[in-house]
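What follows is each chain in one-letter form.
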Amino acid sequence: MHSPNANVSPDFPQSAGTPASDDRLSRLIASGGVEAVFQPIVNLERATIAGRETLSRPSKDSGYANASELFDDGEKKGRLWDLEMLTRGQSFTAALDWPSEAQLFLNTTPQVMADPRFVGQLVESVRSTPGLTPGRIVIEITERCESRYDEDLVRQVSLLKSFGFEIAVDDVGAGTSGLNRIMALRPRWLKLDRELVADVQLDRTRQNLIRFLLHFARMSGVRVIAEGIERQEELAALLDLGVVYGQGFYLARPGPRSLQLAPGLVEWLKSRRVNAEATRARDPRQTPIKRYSRPGMIVASGMTAIDVASLLLREPREPGVVATEGDRFVGWCPRDQVLRAAGDGRSHQPVGFLVHPDASIVDPETSICSALEFGCSRDERSAGDPLVLGDVSGVVGIATVSDLLQAAATLSREVQSRTAPVTGLPTRVRADEHIGLLIRRSRPDSTTVRPPAYDAAVVDIRCFADFNAVFGFELGDLLLQRLVSLIQSEVAGDDHENFVAHLGDDRFLITARSGVLHERLHRLALAFDSAAANSGGRHGETLLAGVDAPWATLRIVSIPNAFAGIESPRDLFQLADTARETESARPAQERAHASTVVQLPSAASTNFRLSA
């Protein structure tokens, strides 16, 4: 511990040694010549502002061109402490009338944070600001900071957490000791550096690294923010990867505290959420854990242990309580721990002091699989505790171990009944649900002038029964799997809106936005014939090594604007069946000896033409 007289770090000379009053830095600090601006941190799933990062700009007459020059001068002259005191005070004042769920992200230099005065001064500032609580403050620590401060940072972070402040590690991916620092500090937030976000849609390595960090975050109860989002393509790629929080010029530039998101951005994010929910609905593995949650008992963290015990005694089936401060989750306290505290000298102690400070909260939209993984990753002390479900808007419920087991059992049954065992694709049941959704989307309503159009294709393999009879069902299954691989690479790609289902036997359904399928289906036909004929294919591969089966060809029925003129999935498949039967009825000498695309004019007509 530092002695009372050693309250200034070597990096901070005493104020008495500051330069004369004509020094521009001294004049700026004395006059408060810094403007606080705020950049929104956006909950991308909800299209809302989850928090704001405070940034400082020197006044125009200060003599400083920008904030970097100001803070560089402050570090050089040993006045970072005074400078950050000024900027924090302005930030706290600006946050007075924000919604309680919006958090304030504060940057601090490692030199200031390592100073032994820091935590006490921060706590005092929060207490003296009406309506502000530690739970609304997130202290950002850059991954770029020098390792010589790590020991002091770990001690300070532990103290900050004990008061209820949250910690974020900034610039993740930019430093050399980032993983070690994350392990030591155990932050609640990770902010991905712009270097990871830039052109992420074009870089598989960046995508894989972000997937790794997101998986780690889910297993550790940590939230991830992607910084530096500057283009829609980057935002779309990050959403596909599963990033929930974002920050950057494309979302909102730094501005006044009243700054809101642009309506166009909000609408775009909401439409993406609708599509994502539709995708999750098609895949039982994406079922959110909130479906298996229960209300739980939520109490204010300031309630005494004896009062909470009284509530629990009236509800014998409650496993414990969720302690909150306003909408903010504080922690979980098991039933037996509350009852023990009520019977000893802690009976009048607030229940917030009984919870574990590192307790985590799980987003209600987390998939069952991820929730199960997170539950299994906890230490033995908390393995039997329920998962607390909630987000920045507050706690929505809990999922006990029994709830998780029920979810796992249900998921197993649904996967078996709704996923084709040979190909792993959605089955006819899920295809029918998807078609019903597209039919509803294709109908105009009072708010849609021109509803979106979708095309469909039904694919089957000619002579597949003969193939099975000659080569056996094992190779037949392998042929189906190779076809699925070609459909994914030549047609579906990485577009989350494209849908592929295995309808049974050798039949497949593909849907996509209007105009996407036409050329891709022809590429699929050519790729299949090239590989099936054992001729090496585009990349030298064959469908089945050592099996020459040129007579196994594809018949692809393409239906533009497939869902505008039909009433049910049966209508769509009847159109496809009519095309198939007509083609099969043609004289043998007229039938194609290669894969073909049967092009229907539209879903409203059964007249069609055949194209090789």
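What counts and what doesn't
Residues numbered from 1 in each chain as written. Predicted model: local features only at pLDDT ≥ 70, side-chain atom pairs only at ≥ 80, totals over all residues. Heavy atoms only, no water. Helix = DSSP H or I, 4+ residues; strand = E, 2+ residues; numbered from the N terminus. Buried < 20%, exposed > 50% of the residue type's maximum accessible area, 1.4 Å probe, protein only. Contact = heavy atoms within 4.5 Å. Areas by Shrake-Rupley, 256 points an atom, 1.4 Å probe, with all protein chains shown as cover. Pairing = 2+ DSSP bridges. Axes fitted to C-alpha atoms, helices over the stretch in contact; angles between N-to-C directions. Phe/Tyr/Trp six-rings, centres within 6.5 Å; stacked < 30°, edge-to-face > 60°. Lys NZ or Arg CZ within 6 Å of the ring centre and 35° of its normal. Patch = residues over 30% accessible without salt bridge, like charges linked within 9 Å, V, L, I, M, F, W, Y side chains within 5 Å. Salt bridge = Lys/Arg side-chain N within 4 Å of Asp/Glu carboxyl O. Arc of directions from axis to C-beta. Core = buried A, V, L, I, M, F, W, Y, C linked by side-chain atoms within 4.5 Å. pLDDT = per-residue confidence, 0-100. Parallel < 35°, antiparallel > 145°, perpendicular 65-115°, else oblique. Nonpolar A, V, L, I, M, F, W, Y, C, P; charged D, E, K, R; others polar.

1. What to know about the overall build of the chain
At step 1: Broken down by element type, the chain carries 20 helices and 19 strands.
At step 2: Out of the 612 residues belonging to the chain, those deemed buried represent 51%.
At step 3: Nonlocal contacts in the chain, meaning residues at least 24 apart in sequence, comprise 70% of its contacts between residues at least 6 apart.
At step 4: Summing over all exposed atoms, the chain offers an accessible surface of approximately 28600 Å²; the carbon and sulfur share of this is 52%.

2. Remarks on the sheet that holds strand β9 (residues 298-300)
At step 1: Here we have three strands laid out as an open sheet, ordered β9-β10-β11, and mixed in their pairing. Two strands lie at the open edges of the sheet, namely β9 and β11 (328-334), each paired on one side alone. Pairwise comparison of adjacent strand axes, ignoring direction, gives a mean angle of 35 degrees for this sheet.
At step 2: Relative to β11, strand β10 (residues 320-325) runs antiparallel, the two sharing six bridges. When the bridges of β11 are listed, V321 appears paired with C333.
At step 3: Each of β10 and β11 is contacted by helix α13 (residues 335-342), which is oriented at about 80 degrees to β11, the strand it contacts most.

3. Focus on the packing of aromatic side chains
At step 1: Applying the stated rule across the entire model yields three aromatic pairs.
At step 2: Centre to centre, the rings of W189 and Y245 are 5.2 Å apart; their planes meet at 70 degrees, and the pair counts as edge-to-face. You can see W189 sitting in strand β6 (residues 189-192) and its partner Y245 sitting in strand β8 (residues 245-246), a full 56 residues away along the chain. Accessibility assignment for this pair places W189 and Y245 in one class, buried.
At step 3: Grouping aromatic residues by their ring pairs yields a cluster made of F105, W189 and Y245.
At step 4: Directly above the aromatic system of Y64 lies the positively charged group of R24, at a separation of 4.0 Å from the ring centroid.

4. What about the pairing of strand β14 (residues 454-461)?
At step 1: A large share of β14 lies buried, amounting to eight of its eight residues.
At step 2: Taking every second residue as pointing to the same face, both faces of β14 are buried, with Y454, A456, V458 and D460 on one and D455, A457, V459 and I461 on the other.
At step 3: In the sheet, β14 pairs with strand β16 (residues 507-513) via six bridges, with the strands oriented antiparallel. Bridged to A456 within β16 is T511.
At step 4: Note: β14 against strand β17 (residues 554-559), six bridges, orientation antiparallel.

5. Some remarks on helix α5 (residues 118-127)
At step 1: Summarising burial for α5: seven of the 10 residues are buried, a large majority.
At step 2: What α5 keeps buried is the set F118, V119, Q121, L122, V123, S125 and V126.

6. Structural notes on the sheet that holds strand β1 (residues 34-43)
At step 1: Here we have eight strands rolled up into a closed barrel, ordered β1-β2-β3-β4-β5-β6-β7-β8, and mixed in their pairing.
At step 2: Both β6 and strand β7 (residues 223-226) contribute to a ladder of four bridges, which runs parallel. Residue pairing in the sheet places W189 in a bridge with R223 of β7.

7. Section: unusual backbone geometry
At step 1: The backbone of A47 sits at a positive phi, close to 55 degrees, despite the residue not being glycine.
At step 2: Residue position: A47 is located in the loop between β1 and β2 (48-58).
At step 3: The phi angle at D199 is positive, at roughly 55 degrees, despite the residue not being glycine.
At step 4: Mapped onto the elements of the fold, D199 is located in the loop between α8 (194-197) and α9 (204-220).

8. Things to note about a nonpolar patch on the surface
At step 1: Judged by side-chain polarity, L179, L209 and F212 come together as a nonpolar surface patch covering roughly 290 Å² of accessible area.
At step 2: When you line up the elements, L179 lands in helix α7 (residues 178-185).

9. With respect to the environment of V321
At step 1: Positionally, V321 belongs in strand β10.
At step 2: Separated by 10 residues in the primary sequence, V321 and G331 have C-alpha atoms spaced 8.6 Å apart.
At step 3: Residues in contact with V321, not counting those within four places in the same chain, are M297, V299, V308, L312, G331, W332, C333, V338 and V351.

10. With respect to helix α12 (residues 305-314)
At step 1: Within α12, burial applies to A305, V308, A309 and L312. Considered in projection along α12, the buried side chains sweep an arc of 105 degrees and stay on one side of the axis.
At step 2: Its buried side turned inward, α12 meets β9, β10 and α13.

11. Remarks on the nonpolar core
At step 1: Ranked by size, the top nonpolar core spans 59 residues in total, and within it I137 and L160 carry the most contacts.
At step 2: When residues no more than four places from it in sequence are discounted, the contact partners of L160 are M113, F118, V119, L122, I139, F165 and I167.
At step 3: Within the second largest apolar cluster, 28 residues are counted, among which are L425, L479, A525 and A552.

12. Side note on the confidence of the model for the chain
At step 1: Confidence in the prediction of the chain, expressed as mean pLDDT, is 81, and 83% of residues score 70 or more.
At step 2: Between the elements of the chain, mean pLDDT differs from a low of 48, seen in strand β19 (residues 609-611), to a high of 95, seen in β8.
At step 3: Every residue in residues 604-612 is under pLDDT 50, and counting partners more than four places away or in other chains gives 25 contacts.

13. Comments concerning the pairing of strand β4 (residues 137-142)
At step 1: A large share of β4 lies buried, amounting to six of its six residues.
At step 2: Both faces of β4 are covered, namely the face carrying I137, I139 and I141 and the face carrying V138, E140 and T142.
At step 3: Both strand β3 (residues 103-107) and β4 contribute to a ladder of four bridges, which runs parallel. By the bridge assignment for β4, F105 is matched with V138.
At step 4: Note: β4 against strand β5 (residues 166-172), five bridges, orientation parallel. Its bridge partner being in β5, T142 is matched across the sheet by D170.

14. Regarding the packing of helix α17 (residues 464-471) against helix α18 (residues 473-492)
At step 1: Orientation of α17 relative to α18, taken along the N-to-C sense of each, is 135 degrees, at an axis distance of 7 Å. Classified by the angle their axes make, α17 and α18 are oblique. Here α17 contributes F464, F467, N468 and F471 to the contact with α18, which in turn contributes F473, L475, G476, L479 and L480.
At step 2: Of the residues that constitute the contact of α17 with α18, the class distribution is seven nonpolar, two polar and no charged.

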